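Close look at the chain arrangement
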Amino acid sequence: MKALVYKIINDRTLWVTTVLLILTLFVGHIQLNDIDIQTILSLLSLMILISLYEGEGLLKYVALTIIKKCQTTRQVQLTIFLLVFFSAMFLTNDVAIITFIPIFVVIAQKIHVNAVLPIILLTVFANLGSAVTPFGNPQNIYLASHYQLQIGDFFQMSWPLGLISFLFVLLSSLFFRSSSLEQLTLDLPTIRPKQTKLLIAGSFVVLAGLLHLLPIMVSLVVSILLTLVINKKRFYQVDYGIIILFVELFLIVGVLSRIPTVVSLFEGLTTTDNGSFISGVVLSQFISNVPAAVLLSAFTSRVNAVYLGVSIGGLGTIIASLANLLAWRQYQRQIEEINYSFPVKLMVINLLLLLIFIALGFAILTVA
């Protein structure tokens, strides 16, 4: 419990939103009905489920089993990128980064490759992969709930970006040399068969709730029961900070949405698809894509443009996506030193890709 409280207290993102929430008290009134309960319960269900997957080591086991079959350095890196891209769709970009950065650092030492560029691309592909599904990241969960999107509606909106991102993943391997490898020696985590089967079966129920196929309370109850049966200690590892963050964001945006000047400004910025799209991109660079999604959704019904803006907007600055900060933190833990060249390189590559994807985003909107 102490570790959980310490983690929440030391979450600097929460410091910022808490200060902003206090400041909004001076310009308007907070209303509890501004909180989107559906989104909060969806996030809580997913966070509990994700904590269980992390505890059981299932994703790591599958990843290492596949990587051991690779025969060249290029195959290893492409395999890592593909695993990150697809795992982020179902277990969020944060989980993909937490799982694969430590794995790749170990592998990079064994195959004698520099880990920096692959880890940066790993982070990029985690962000892009998570954009494909309605439960791949917090902003998608929110947008699907706020705009009441069915799974078909969401995939109709996300598949062009997903397809383009997948092609980028495949092309990325061409930038790395291909050297022959002997079979990699990697230690596999121990998997508990009964608990794993139960977790996978329960996951379908939880995801059904996230996709609006079942009441969200069913998802929450199932995720709680799974944790009670499989590993009670995982309750203390759940990222409750993201839940508090969203509650504060809803309250802040609620106050702002009742200020005439702010309403006029954002309604003006979001009168067109292109305006909504570029607003999402730019806002994400300064306040991160999760708050940007919540803020813009209060002023426009152009969900496709907002989705593309905040998804592509996750590229760019170190704070454009919370996953970027997490990647830096994970990298520091693995090399056991504070290295400021990594976030600089991360931002440079992200900004270059951001320019490319902005052009692609405009093209997607034009075709749509």
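The residue numbers shown here count from 1 along each chain, following its written sequence. Totals for whole chains, interfaces and linings use all residues, but because this is a predicted model, local features are given only for residues with pLDDT of at least 70 and pairs of side-chain atoms are given and counted only at 80 or more. Here the side-chain values reflect all heavy atoms present in the structure, with hydrogen atoms and water set aside.

This part is about the overall build of the protein. Helix and strand definitions here come from DSSP, where helices need a minimum of 4 consecutive H or I residues and strands a minimum of 2 consecutive E residues; each element is numbered from the N-terminal end. When helices and strands are tallied, the protein shows 17 helices and 0 strands. In summary, the protein has a C-alpha radius of gyration of 20 Å against a globular reference of 21 Å for 368 residues, a match within 12%. The buried label applies to any residue whose accessible area, calculated with a 1.4 Å probe on protein chains only, is under 20% of its type's maximum; exposed applies above 50%, and partly exposed to all values in between. Scored against the burial criterion, the 368 residues of the protein give a buried share of 54%. Contacts between residues were defined by any pair of non-hydrogen atoms, one from each residue, lying within 4.5 Å. A fraction of 80% describes how many contacts in the protein between residues 6 or more apart in sequence connect residues 24 or more apart. Computed by Shrake-Rupley with a 1.4 Å probe, the accessible areas treat only the displayed protein chains as cover when residues are assessed. Here the protein has roughly 16900 Å² of accessible surface; of this, 67% comes from carbon and sulfur atoms. One way to put it: in the protein the 20 positive side-chain charges average out to a point 11 Å from where the 15 negative ones average out. Only the C-alpha atoms count toward the radius of gyration. The rule for a globule is 2.2 Å times the residue count to the power 0.38. In this charge count, Lys and Arg are treated as positive and Asp and Glu as negative; neither His nor the chain ends contribute. In this description, the location of a charge corresponds to atom NZ of lysine, CZ of arginine, CG of aspartate or CD of glutamate.

Here we take up the pattern of salt bridges. The rule for a salt bridge is simple: a side-chain nitrogen of Lys or Arg has to be within 4 Å of a carboxyl oxygen of Asp or Glu. Under the counting rule described, the total for this entry stands at 4 salt bridges. E54 serves as the salt-bridge partner of R234, at 3.9 Å between the closest nitrogen and oxygen. Remark: E54 occurs in helix 3 (residues 37–56) and R234 occurs in the loop between helix 10 (216–230) and helix 11 (240–256); sequence separation between them is 180 residues. Residue E54 is classed as partly exposed on the basis of its relative accessible area of 30%. We note a salt bridge from R192 to E56, for which the minimum N-O separation is 2.7 Å.

Let us look at the packing of helix 3 against helix 9 (residues 193–210). Helix axes use the C-alpha atoms of the stretch in contact, all axes being lines fitted to C-alpha atoms, and the angles between their N-to-C directions lie in the range 0 to 180 degrees. Where helix 3 meets helix 9, the closest approach of the two axes is 11 Å, and the angle between their N-to-C directions is 160°. Classified by the interaxial angle, the pair formed by helix 3 and helix 9 is roughly antiparallel. As helix 3 runs across helix 9, the sense of the crossing is left-handed. Together, S42, S45, L46, L49, L52, Y53 and E56 of helix 3 and Q195, L199, I200, S203, V206 and L210 of helix 9 make up the contact between the two elements. An angle counts as roughly parallel when it lies under 35 degrees, as roughly antiparallel when it exceeds 145, as roughly perpendicular when it falls between 65 and 115, and as oblique in every other case. Each crossing is labelled by how the near helix is turned from the far one, with a counterclockwise turn of less than a right angle marking it left-handed and a clockwise turn marking it right-handed.

With respect to the secondary-structure elements, T24 resides in helix 2 (residues 12–24). Residue classification places T24 among the buried positions, given a relative accessible area of 6%. Once residues lying within four places of it in the same chain are set aside, the contact partners of T24 are I252 and V255.

For the rest of this paragraph, the subject is the side chain of S173. Along the chain, S173 falls in the loop between helix 8 (151–172) and helix 9. The class for S173 is buried, based on a relative accessible area of 6%. Contact partners of S173, with chain neighbours within four places excluded, come to R74 and L78.

Over its 39 residues, helix 5 (residues 73–111) extends only 7 Å from the first C-alpha to the last, a length that falls short of the 57 Å expected when each residue adds 1.5 Å. Bend, at a single residue, is the angle you get between axes fitted to the 7 residues ending at that residue and the 7 residues starting at it. The largest bend along helix 5 reaches roughly 130° and is located at L91. Residue H112 follows helix 5 closely and has a positive phi angle near 60°. Multiply 1.5 Å by the residue count of a helix minus one, and that product is the helix's expected span.

Another point: the nonpolar core. In this structure, I67, I80, F100 and F246 are the most contacted members of the largest nonpolar core, which totals 123 residues. The biggest single contributor to this core is helix 5, with 20 residues. Beyond its immediate sequence surroundings of up to four residues, I80 is in contact with I67, F100, I103, F104 and L122. In these notes, a set of buried Ala, Val, Leu, Ile, Met, Phe, Trp, Tyr and Cys residues joined through side-chain atoms within 4.5 Å is what counts as a nonpolar core.

With that out of the way, let us pick up a nonpolar patch on the surface. Residues enter a patch when their relative accessible area is above 30% and they make no salt bridge; the linking distance is 9 Å between like charges and 5 Å between nonpolar side chains (Val, Leu, Ile, Met, Phe, Trp, Tyr). On the surface, a cluster of nonpolar side chains totalling about 990 Å² of accessible area is made up of W15, V16, V19, L20, I22, L23, L25, F26, V27 and I30. Residue L20 is classed as partly exposed on the basis of its relative accessible area, which comes to 41%.

Interpretation note: all reported values are geometric properties and have no functional meaning in isolation.
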